[in-house]
Amino acid sequence: MSCLSSAPSFLFVCTGNICRSPLAELAMRREIEQRGLIADIDSAGTGNWHEGDRPDPRARATARRHGLNADPLRARQVRKEDFERFDHIIALDRSHLAALQKMQPAQSKAKLSLLLEHIPHETRRDVADPYYGSEAGFETTWHDVEAGCKALAARYLESSSL
């Protein structure tokens, strides 16, 4: 998606940018495209361990099962300039949010939040990390990020104050 100054922008952040955040990026792209909207959407990690790598094979397989292609995505670390480029930086769990709060420059434009906080009446705060588990964990992660992105996209449609 092109980065238009009037279009909202979203950065999804997890630990290494190979599991949760790429799936969230793909889910949000789908939600925005299905609504015929334009947004700048990307993902990144708090760490650089996987810089340049494709998403985890299990994340790519999960994306394929849902009709999406994660193969072109490459891991990257959050950069200082992301806090000016993106309107919304969305953490996948509380440890990512804490790391982002420490990184965020004073007076930056980005609003920080947790993905699951955007789902009305959701009591969980963290999207579980599927990395050390089975492929079934990636499916659970997909359902969480899809629900969170649906809620974000609905909010974008209802309000320009995102």
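Below is a summary of the structure that appears in this document.

Topic: the pattern of salt bridges
One pass over the structure, following the stated rule, counts 20 salt bridges. R20 serves as the salt-bridge partner of D93, at 3.1 Å between the closest nitrogen and oxygen. On the criterion of sequence distance, the pair formed by D93 in the loop between β3 (88-91) and α4 (94-103) and R20 in helix α1 (residues 20-34) is long-range, its members being 73 residues apart. Here D93 and R20 have matching classes, each one buried. Note that D40 is salt-bridged to R85, the shortest N-O span being 2.9 Å. Here R85 lies in helix α3 (residues 82-85) and D40 lies in strand β2 (residues 40-45), a separation of 45 residues in the sequence. Residue classification places R85 among the partly exposed positions, given a relative accessible area of 32%. Each of D40, D42, R76, D82 and R85 takes part in a single network of salt bridges with overlapping partners.

Brief notes about helix α2 (residues 57-65)
Residues R58, A59, R60, A61, T62 and A63 constitute the buried set of α2. Two or three places before R58, at the opening of α2, D56 has a side-chain oxygen 2.7 Å from that residue's backbone nitrogen. Among the residues trailing α2, G67 stands out with phi positive, at a value near 75°.

Here is what the cut-offs are and how they apply
- The residue numbers shown here count from 1 along each chain, following its written sequence.
- This being a predicted model, a pLDDT of at least 70 is required before a residue's local features are given, and a value of 80 or more before pairs of side-chain atoms are given or counted; all residues contribute to the totals for chains, interfaces and linings.
- Each side-chain value is worked out from all heavy atoms of the structure, with water and hydrogens disregarded.
- One side-chain nitrogen of Lys or Arg within 4 Å of one carboxyl oxygen of Asp or Glu is enough to make a salt bridge.
- Each helix is a run of DSSP H or I of at least 4 residues and each strand a run of E of at least 2, with the numbering of both proceeding from the N terminus.
- In this scheme, a residue with accessible area under 20% of its type's maximum is buried, one over 50% is exposed, and one in between is partly exposed, where area comes from a 1.4 Å probe on protein chains only.
- Here a polar contact means two N or O atoms within 3.5 Å. Within protein one must be a hydrogen donor candidate and the other an acceptor candidate, and residues neighboring in sequence count only if both atoms are side-chain atoms.

The analysis is restricted to geometry; functional conclusions fall outside its scope.
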